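# Analysis of the macromolecular model
Okay, here's what each chain looks like letter by letter:
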Amino acid sequence: MRIELVKRPQRSALFSMLSPFIAFALTIIAGAIMFALLGVNPLNAFEIYFVEPISQVWQLHELAIKAAPLILIAVGLSVCYKANIWNIGAEGQFIFGAIFGSIIPVLFPQFEGPLVIPLMLLLGMVGGAFYASIPALLKTRFSTNEILTSLMLVYVAQLFLDWLVRGPWRDPQGHGFPQTIQFGDSAVLPELMPDAGRANWGFVFALVAAVAIWLMMSRMLKGFEVRVLGSSPRAGRFAGFGFNKMVFFAFLLSGALAGLAGISEVSGAIGQLQPVISPGYGFTAIIVAFLGRLNPLGIVAAGLVLALTYLGGEAVQSALGISDKVARVFQGMLLFFVLGCDTLIHYRIRLIGMALTKPKGAALEAAPKLGEAR
Amino acid sequence: MDITVNILLTIATAATPLLIAAIGELVVERSGVLNLGVEGMMIMGAVGGFGAGYLTGSPWIGLLAAIIVGALFSLLFAVMTLSLATNQVATGLSLTLLGLGLSGMIGTSFVGQPGVRLPNLDIPGISSIPIVGKLIFGQDPVFYISIALTAAVMWFLFRTRTGLTLRSIGDSHTSAHALGIKVIRYRYLAVIFGGASAGLAGGHLSLVYTPQWVENMSAGRGWIALALVVFASWRPWRVLAGAYIFGAVWIGQLHAQAFGIPVPSQFLSSLPYLATIVVLVLISRNKRLTMMNTPASLGQPFVPDR
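## Things to note about the overall build of chain A
Check the secondary structure of chain A and you find 15 helices and two strands. Expressed as lengths along the three principal axes of its C-alpha atoms, the size of chain A is roughly 85 × 60 × 35 Å. Put simply, chain A has 374 residues, and 49% of those count as buried. At a minimum sequence separation of 6, the contacts of chain A that also span at least 24 residues come to 78%.

Now the structure itself:
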């Protein structure tokens, strides 16, 4: 059997809408098979995975906590990917945002007041943007492949954070645990509704960023520039858009948002720096960006879905004893199916059996023969 | 003298998985396909190899399983990018993410279990000759496979007609298609070869390098292999040289940590990654060299219109 793609005359609006949903349905089916193979009743597992983690208000707050960094990072990445610039090192930019933002509460704990949080957030954005500027600089100056450099920097960032919290920034009263001091009260990102749950302002930042980037991409010249340079760099040059400037813009923007996500996570959900501060948000956000079809508003929805896969992973681990790596598997499958379903937007898919490849019409028969003559 | 020999041996052991994975990816990229899933295929090979070796007690079956698992996993990428014409960068990334997750899940029960190790070559009388004996006749079997594989790929790409065809597809799939070459079929085979190689490299990690299962044990080696291909400007013998340079960096930082050099171990551990960046910058500065050697249709999806 062979798969043949037939180009549609124009992109299908129907499948453009449907493809994330088809992808999600396929993931559920594949997940059911996986759970069955693990010897678990799929229906039971799905209830624990997808329904129970969001059945109470405080759990929705947990969902928002997980979704906030995913959305913030993915919104920035969507601009990169639209411009055909491949920043896959958001995890490192997240970490550097967290480190820069933590300078104030760790090194100047006596500095208190309402200015602390804004300064920390600003520093976090600077840190993320700084770290993202490295691959951007290398790409524009030396045309070094940004995929590999941005990814390599993730490992470097993880090791650097590890050194900080075990070395110079370790809490002297922390009984030797590798962590910094607990942030003071004025360095903790406030919760939105302390009575209902833990969700903090990070989620608001995510929503604001999504709307702002959506406005930029759909209503402003900059967004047009991103799209033109992404789909045709040559046309972009004729229009006077500079590619190198775009590389910096995309990297700095996505780095700053990843950095903001990093400091929000540390200041809001964790409250101190630890050797590991992210369960792979920077990588999962890549999935969020694609599941959201690189559209900031779609990304909000996609971020919530992917946040649920994290919560579900924890839930099945405690309830069924399955490794919480199951979350990563779900996320990977979801991205696969999304990319596959996106093909439907531009192509019709025809399955061709080996025996049926012969064209029916006599007039058509001559043409393929010509093509096959070697 | 013994110390020098031992260091050279460990460098070879560290370089072998990089070499195998990079040689596989080189063939894939020569056919015009960019598979960023090397890390994922490698870790799947590692867990598959460990699992099969652990369950059967035979490291050889483990090695075979690693190759098969890597090849099967790459098939997923092939179907997506070649038959469904998806974005190769994104699909490769998702292969890596899926591989890291899946291997973690499969390997949960293997953590802390004793593994089996492939025995080193031991020819009575010859392997015990000082220096040469150990270096040339006393290494692990995968080392010899890696050298043979490099030579074979060199010969295949530049001395055979099929190799020429493969390279022509990588440079212009449209022209190749117009000549009646089955572009998609060639690319399928190339991607599967790359997957099998990455799987073998992973098998080396869990059956020779450290015969046990540790989550994320590939530790970015798949990405370094990808960088090696660029560094080598798509030439097999330069991949060989590059892999040994990186093997030396990897081992060098481990030795430096063991000797207690007054530099934080985290800085030493980040050396291989920093070295990758530096090397990539040095090589890509030379625009003529990279422009001339990069397969011209690398990373572009191809849909035959008929």
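## Notes on the overall build of chain B
Per the secondary structure count, chain B includes 14 helices and zero strands. In terms of overall size, chain B behaves like a compact globule, its C-alpha atoms giving a radius of gyration of 19 Å where 306 residues would be expected to give roughly 19 Å. On the principal axes, the C-alpha backbone points of chain B span a range of 60 × 45 × 45 Å. Taking as baseline every contact in chain B between residues at least 6 positions apart, the subset at least 24 positions apart corresponds to 79%.

## Comments concerning the interface of chain B and chain A
The interface is formed by 42 residues belonging to chain B together with 44 residues belonging to chain A. Taken together, the elements giving at least two residues each to the side of chain B that touches chain A come down to α3 (59–83), α4 (88–106), α10 (221–231), α12 (265–269) and α13 (271–285) of chain B. Top contributing element to the side of chain B that touches chain A by residue count: α4 of chain B, with twelve residues. When grouped by side-chain class, the residues that make up the side of chain B that touches chain A number 24 nonpolar, 15 polar and three charged.

## Some points on unusual backbone geometry
Residue and element names in this part refer to chain B. Phi is positive for asparagine 216, close to 55°, though the residue is something other than glycine. Considering the arrangement of structural elements, one finds asparagine 216 in the loop between α9 (183–209) and α10. For alanine 219, which is not glycine, the phi dihedral falls at a positive 45°. Tracing the backbone through its elements, the reader meets alanine 219 in the loop between α9 and α10.

## Comments concerning helix α2 (residues 38–56) of chain B
All names here are of chain B. Taking 1.5 Å of rise per residue, 19 residues should cover 27 Å, and α2 covers 26 Å from first to last C-alpha, within 8% of that figure. The element α2 is extensively covered by neighbouring structure, given that 17 of its 19 residues are classed as buried. At the exit of α2 stands glycine 57, carrying a positive phi of roughly 80°.

## Observations regarding the packing of helix α6 (residues 141–159) of chain B against helix α11 (residues 236–258) of chain B
Residue and element names in this part refer to chain B. For the pair α6 and α11, interaxial distance at closest approach is 9 Å and the crossing angle is 155°. If you check the angle between α6 and α11, you find them roughly antiparallel. Contact residues: Thr150, Val153, Met154 and Leu157 in α6; Pro236, Trp237 and Leu240 in α11. Considered class by class, the residues forming the contact of α6 with α11 number six nonpolar, one polar and no charged.

## Describing the environment of glycine 104 of chain B
Residues and elements named next belong to chain B. Counting through the fold element by element, glycine 104 comes out in helix α4. A residue is classified by how many C-beta atoms lie within 10 Å of it, and glycine 104, with 21 of them, is buried. Here the alpha-carbon distance between glycine 104 and isoleucine 23, two residues 81 residues apart in the chain, equals 26 Å.

## A look at the nonpolar core
When a protein is soluble and globular, its nonpolar side chains tend to lie buried together. Counting 219 residues, the largest nonpolar core has Ile71, Leu72, Ile73 and Val288 of chain A together with Ala22 and Leu228 of chain B as the members making the most contacts within it. Those residues in contact with isoleucine 73 of chain A, other than ones at most four positions away along the chain, are Ala90, Phe94, Leu257, Ala258, Ala261, Tyr281, Gly282 and Ala285 of chain A.

## Brief notes about the packing of helix α14 (residues 326–346) of chain A against α4 of chain B
Look at α14 of chain A against α4 of chain B: their axes get within 8 Å of each other, and the N-to-C directions meet at 155°. Classified by the interaxial angle, the pair formed by α14 of chain A and α4 of chain B is roughly antiparallel. Between α14 of chain A and α4 of chain B the crossing geometry is left-handed. Between α14 of chain A and α4 of chain B, the residues in contact are Val326, Arg328, Val329, Gln331, Gly332, Met333, Leu335, Phe336 and Leu339 of chain A and Ala90, Thr91, Ser94, Leu97, Leu98, Leu100, Gly101, Leu102, Gly104 and Met105 of chain B, respectively. Classifying every residue of the contact of α14 of chain A with α4 of chain B gives twelve nonpolar, six polar and one charged.

## Some words on the pairing of strand β1 (residues 2–7) of chain A
Residue and element names in this part refer to chain A. Burial of β1 is sparse: only zero of the six residues sit out of reach of the surface. Two strands pair when backbone bridges link them, and β1 and strand β2 (residues 347–352) are joined in this way by six bridges, in the antiparallel orientation. Opposite leucine 5, over in β2, you have isoleucine 349 as the bridge partner.

## Examining α13 of chain B
An ideal rise of 1.5 Å per residue puts 21 Å on 15 residues; α13 of chain B measures up with 21 Å between its terminal C-alpha atoms. Along α13 of chain B, the positions that sit buried rather than exposed are Pro272, Tyr273, Ala275, Thr276, Ile277, Val279, Leu280, Ile283 and Ser284 of chain B. If you follow the buried residues of α13 of chain B, they end up packed against α6 (116–142) and α7 (146–166) of chain A together with α10, α11 and α14 (287–293) of chain B.

## Re the environment of phenylalanine 241 of chain A
All names here are of chain A. Note that phenylalanine 241 resides in the loop between α10 (233–238) and α11 (243–270). C-beta crowding within 10 Å serves as the criterion here: with 19 such atoms nearby, phenylalanine 241 is assigned to the partly exposed category. Beyond its immediate stretch of four places on either side in the chain, phenylalanine 241 contacts Glu225, Val228, Leu229, Gly236 and Met246.

## Description of the confidence of the model for chain A
Residue and element names in this part refer to chain A. With 94% of its residues at a pLDDT of at least 70, chain A reaches an overall mean of 85. Per-element confidence in chain A is highest for helix α4 (residues 90–101), whose mean pLDDT is 95, and lowest for helix α15 (residues 362–372), whose mean pLDDT is 40. Note on residues 356–374: pLDDT is under 50 here. Beyond four places in sequence and across chains, it has eight contacts.

## Thoughts on the confidence of the model for chain B
Taken over all residues, the pLDDT of chain B has a mean of 88, while the share at 70 or more is 99%. The complex prediction reports pTM at 0.88, with the ipTM value standing at 0.86.

Basis of the calculations
Residues numbered from 1 in each chain as written. Chains lettered and ligands numbered in written order. Predicted model: local features only at pLDDT ≥ 70, side-chain atom pairs only at ≥ 80, totals over all residues. Helix = DSSP H or I, 4+ residues; strand = E, 2+ residues; numbered from the N terminus. Buried ≥ 20, exposed ≤ 12 C-beta atoms within 10 Å, placed from the backbone. Contact = placed C-beta atoms within 7 Å. Rg over C-alpha atoms; globule rule 2.2 N^0.38 Å. Nonpolar A, V, L, I, M, F, W, Y, C, P; charged D, E, K, R; others polar. Expected span 1.5 Å × (residues − 1). Axes fitted to C-alpha atoms, helices over the stretch in contact; angles between N-to-C directions. Parallel < 35°, antiparallel > 145°, perpendicular 65-115°, else oblique. Core = buried A, V, L, I, M, F, W, Y, C linked by C-beta atoms within 7 Å. Left-handed = near helix turned anticlockwise from the far one by under 90°. Pairing = 2+ DSSP bridges. pLDDT = per-residue confidence, 0-100.

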